Amino acid sequence: MQIRRIASNWNDYELIDASGGERLERWGKAVLIRPDPQIIWQNPEPSPLWNSADARYLRSLAGGGEWQFYKKLPESWEINYKNLRFKVKPTGFKHTGLFPEQAVNWDLCADLIKGAKRPIKVLNLFSYTGGATLACAEAGADVCHLDAVKNMVEWASENAALSGLSNKKIRWITDDAMKFIAREKRRGSRYDAIILDPPSYGRGTNGEMWRLEDSIHDLMLDCAEILSDEPLFVLLNSYTTGLSPSVMAYLLKMTIGRKFKAEISAEEICLPVTVTGLAIPCGNTAIARFQ
């Protein structure tokens, strides 16, 4: 079992420095400062770019926060990862519309799909702005892209157009993940690969409350029921504090592994820091590969 994978193939994104609870990041030509509670150290030799950042996200003591802009930035701009192109922008929740560490999973999914040398049907749940969807579609898969937030599905569709993938077989769905899977079970729909990137907390299309620890076990059991007879992989991400890679691997073993023989592994996914050479953990991934 690997301990970590590091997203090091970016040109348009860079984690320049990490210190004092914050990240100093380059998104294309824009340099942003964003909070990261895991960065509990101070870098004694910080990058001088801290003093010339374009914007900083400041958390509020009452919750949430806001961006403080030091220079005028466009409302949104575009960055590339290999052949994929994404719109990014500072949002009200500190995010930019992309999790760059997930590039290691985009590459992994694409490699598995290409290596299968057969038609692959992918279900991407909690799919946000579509990084994994685009990687799978570019690799030749038919993809069902699902998110509970309509604006995110629209953003993902825009990214597909930017990446020249509008002609690929991508089905865009706005729905609650658990309700959608229940309907797919009744319809007899089957998928060769399932990707899940669930939030720690969230709400469905009708305000249904989602808490990962309470719901993920049943969701994974349901996912096992909609896998094809010759599945390729199931990939599960988590940003939830306290869910270690081992716990996620055990979850796959006790759900997906009850129905299919699979090779299961789990690891941290990380971003390299240019100034210090550290690798900042950004969540965990567990994957079941089927024999």
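What counts, and where the lines are drawn
Residues numbered from 1 in each chain as written. Predicted model: local features only at pLDDT ≥ 70, side-chain atom pairs only at ≥ 80, totals over all residues. Heavy atoms only, no water. Buried < 20%, exposed > 50% of the residue type's maximum accessible area, 1.4 Å probe, protein only. Helix = DSSP H or I, 4+ residues; strand = E, 2+ residues; numbered from the N terminus. Pairing = 2+ DSSP bridges. Patch = residues over 30% accessible without salt bridge, like charges linked within 9 Å, V, L, I, M, F, W, Y side chains within 5 Å. Areas by Shrake-Rupley, 256 points an atom, 1.4 Å probe, with all protein chains shown as cover. Salt bridge = Lys/Arg side-chain N within 4 Å of Asp/Glu carboxyl O. Axes fitted to C-alpha atoms, helices over the stretch in contact; angles between N-to-C directions. Phe/Tyr/Trp six-rings, centres within 6.5 Å; stacked < 30°, edge-to-face > 60°. Lys NZ or Arg CZ within 6 Å of the ring centre and 35° of its normal. Parallel < 35°, antiparallel > 145°, perpendicular 65-115°, else oblique. Left-handed = near helix turned anticlockwise from the far one by under 90°. Contact = heavy atoms within 4.5 Å. Nonpolar A, V, L, I, M, F, W, Y, C, P; charged D, E, K, R; others polar.

### Some words on the pairing of strand β4 (residues 30-35)
Within a regular strand, side chains alternate between the sheet's two faces. The element β4 is extensively covered by neighbouring structure, given that 6 of its 6 residues are classed as buried. Alternating positions in β4 separate into two faces, A30, L32 and R34 on one and V31, I33 and P35 on the other, with burial throughout. As defined by bridge partners, strand β3 (residues 22-27) adjoins β4 across 6 bridges and the pair is classed as antiparallel. Directly across from R23, in β4, lies its bridge partner R34. Hairpin geometry of β3 and β4 is characterised by an intervening segment of 2 residues between the two adjacent antiparallel strands and by a positive phi of about 70 degrees at G28. Here β4 pairs with strand β5 (residues 55-59) via 2 bridges, running parallel.

### Here we look at a nonpolar patch on the surface
Among the surface-exposed residues, I40, W41 and L278 lie close enough to one another that they form a single nonpolar patch of about 300 Å² accessible area. Here W41 lies in the loop between β4 and β5.

### What to know about the sheet that holds strand β2 (residues 13-19)
An order of β2-β3-β4-β5-β6 is seen for the 5 strands of this open sheet, with the pairing classed as mixed. A single partner strand is all that each edge strand has here, and the edge strands are β2 and β6 (65-69). Between one strand axis and the next, the sheet turns through 20 degrees on average, direction left out of account.

### Concerning the sheet that holds strand β1 (residues 4-6)
Read across the sheet, 8 strands follow the order β1-β16-β17-β15-β12-β9-β10-β11 without closing on themselves; strand pairing throughout is mixed. Looking at which strands have only one partner, the edges of the open sheet turn out to be β1 and β11 (170-174). Across the sheet, the mean angle separating the axes of adjacent strands is 20 degrees when strand polarity is ignored. Sheet analysis places strand β9 (residues 121-125) next to strand β10 (residues 142-147), joined by 4 bridges and oriented parallel. For N124, the partnering residue across the bridge sits in β10 and is H145.

### Looking at the packing of aromatic side chains
If you walk through the whole model with that rule in mind, you get 11 aromatic pairs. Residues W10 and Y81 carry aromatic rings whose centres are separated by 4.7 Å and whose planes lie at 50 degrees to one another, so their mutual orientation is tilted. You can see W10 sitting in the loop between β1 and β2 and its partner Y81 sitting in strand β7 (residues 77-81), a full 71 residues away along the chain. With relative accessibility at 9%, the residue W10 sits in the buried group. Residue classification places Y81 among the buried residues on the basis of a relative accessible area of 3%. Each member of the aromatic cluster is reached from another via a ring pair, and the members are W10, Y13, W27, Y81, F86 and W106. Above the ring of W155, the side-chain terminus of K89 is found at 5.2 Å from the ring centroid. Above the face of the Y191 ring, K121 is positioned so that its terminal group lies 4.8 Å from the ring centre.

### Regarding the packing of helix α5 (residues 212-225) against helix α6 (residues 245-254)
Between α5 and α6, the least distance of the axes is 9 Å, while the angle of their chain directions is 40 degrees. One finds that α5 runs oblique with respect to α6. With respect to the hand of their crossing, α5 and α6 are arranged in right-handed fashion. Note on element contacts: α6 touches α5 through L251, L252 and M254, opposite I216, H217, M220 and L221. Of the residues belonging to the contact of α5 with α6, the class tally is 6 nonpolar, 1 polar and no charged.

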